[in-house]
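Remarks on the overall topology
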Amino acid sequence: MKKTFFLYIAASIALFCSCVDYSDEAHYISAKVQVTAPEDFTKEANLNGHTITLTNTLGATVKAATDANGLASFTGLIPDVYTVSTSWDITSDEYSDLTGDNIVNDGAVVTGNINNLLIKDDNDQVTLPTVLSINRSLVIGKIYYAGSKDKNNKNYVAGQYLELYNQSDEPIDVAGLYIGFVESNSTPAYTLEQLDEKFEGSVVICKQVFRIPNDNPHVIEPGKSVVITNSAINHTVNAEHEKNLLTADFEAKDESGKTINNPDVPALKFIYSSFAAISKINFINGGPNGVIIFKTDDNIAEIEPIYSYGKTKGNMWLPIPKKYVIDGVDILKYNTKGVDISTKHLYNDIDGGYATISAVSGYNAEVLYRKTSTRKGKSGQKILQDTNNSINDFKISTTINIREYDD
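Residues numbered from 1 in each chain as written. Predicted model: local features only at pLDDT ≥ 70, side-chain atom pairs only at ≥ 80, totals over all residues. Heavy atoms only, no water.

Let's shift gears to the overall build of the chain. Along the backbone of the chain there are three helices and 27 strands. Dimensions of the chain, computed from the C-alpha atoms along their principal axes, are close to 60 × 55 × 45 Å. Per-residue burial for the chain yields a buried fraction of 54% across its 407 residues. The contacts of the chain with a sequence gap of at least 6 include a subset with a gap of at least 24, amounting to 73%. Across the chain, the mean location of the 36 positive side-chain charges is 6 Å away from that of the 51 negative side-chain charges. (Helix = DSSP H or I, 4+ residues; strand = E, 2+ residues; numbered from the N terminus. Buried < 20%, exposed > 50% of the residue type's maximum accessible area, 1.4 Å probe, protein only. Contact = heavy atoms within 4.5 Å. Lys, Arg positive; Asp, Glu negative; His and termini not counted. Charge placed at Lys NZ, Arg CZ, Asp CG, Glu CD.)

Laid out in structure tokens, this is it:
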């Protein structure tokens, strides 16, 4: 498996927690966003024609393109708190030319993200730094945590699943891969600022960790997926919006016996859970959730669990070193008044944004899945969108099937 590199620029962003008084009369403002090239570029890059997106807390977006100087101009904006983001792909040749480094075979992506930025004054100008990351071979392609209603209109959660996708040109053996489920308290056990204080931003706090068994190879061909679930049965028998998961690759076996398991489907290796009674994947139907995939030869069992920030009792969490992480998706709880970005659990260098379904409590059968990019692999396989920002990368569907990426 190719090694994934994250090149991260730390940016200090002021967070505004008080309401903004816009007065009774609505007014509009102009703003500019100045994009700066990644520090890894050793020569001047073309900053013209790149799309800058402003997304408010309700999910509404407005876009503008940069000029030759990397400046994007916005007019008719409503003063608000925005996420500012951009991304563009560069080829392996462009990467080599701009960095002097020849290690990339599949190209790279330039991304910039600022969360929770208040834009309220006319002619505000924002500087948007960008970072460079090599295209990932293995990505989290799909997450289904919402659940649905069964044929008796009861809440149905047994069909939750996770899908990993090989978008590279080479087969990938996922044996030994770890899957971490991020601590999902509505008020995080550690805010990102507290993680900075205690761990210098070096860890991801997980409530559960599983591992794909490493006793036998499990190879994913280019353009193929591995499906992981709690119950590898045909759920369409019980609920019309669920999926047939008989072909799932692995199950998180439920030791309590409350979930139907398939004896023909291999078990994930259970590594850690913050909750002794829960051995299956503990998705929260309405969110928040978060998923990371990582690989290491270090002994994860030797990592000491920790209490929540400032606590000496209660639930304990497993701090996974960020350097191990291959990919991660931060999932926040949907709110009709706007997603609370201050509850992000993952740093921007893992996920610069977030994903969410469109229901407060879930049970609406919505699946989060990666968009398909315009690029193709050498074998014609789909390359999924991976801008390191789930706001841009993921879509919602109630009809897409497992191992599919267009609905």
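Glancing now at the pattern of salt bridges. The tally for this structure, following the rule as stated, stands at 14 salt bridges. Close ionic contact of Lys-120 with Asp-121 constitutes a salt bridge, the shortest N to O distance being 3.4 Å. Look at Lys-120 and you get partly exposed, because its relative accessible area is 37%. Given the relative accessible area of 38%, Asp-121 is considered partly exposed. Glu-163 serves as the salt-bridge partner of Lys-142, at 3.6 Å between the closest nitrogen and oxygen. With a gap of 21 residues between them, Lys-142 in strand E9 (residues 138-144) and Glu-163 in strand E12 (residues 161-166) connect regions that are remote in the sequence. Under the relative-accessibility criterion, Lys-142 is labelled buried at 0%. (Salt bridge = Lys/Arg side-chain N within 4 Å of Asp/Glu carboxyl O.)

Let us now look at the sheet that holds strand E18 (residues 250-251). In space, the six strands of this open sheet follow the order E18-E17-E12-E9-E24-E27, with mixed pairing throughout. Whereas interior strands pair on both sides, the edge strands pair on one side only; in this sheet they are E18 and strand E27 (394-397). Bridge count for E9 against E12 is six bridges, and the pairing is antiparallel. What sits directly across from Val-139, in E12, is Tyr-165. (Pairing = 2+ DSSP bridges.)

All right, on to the sheet that holds strand E1 (residues 29-36) then. Reading across from one edge, E4-E1-E7 is the order of the three strands in this open sheet, with mixed pairing throughout. The open sheet has two edge strands with one neighbour each: strand E4 (71-77) and strand E7 (124-129). This sheet shows a mean twist of 20 degrees between the axes of neighbouring strands, independent of strand direction. Note that E1 and E4 share five bridges and pair antiparallel. Residue Gln-34 lies in a different strand from E4, and its bridge partner there is Leu-71. (Axes fitted to C-alpha atoms, helices over the stretch in contact; angles between N-to-C directions.)

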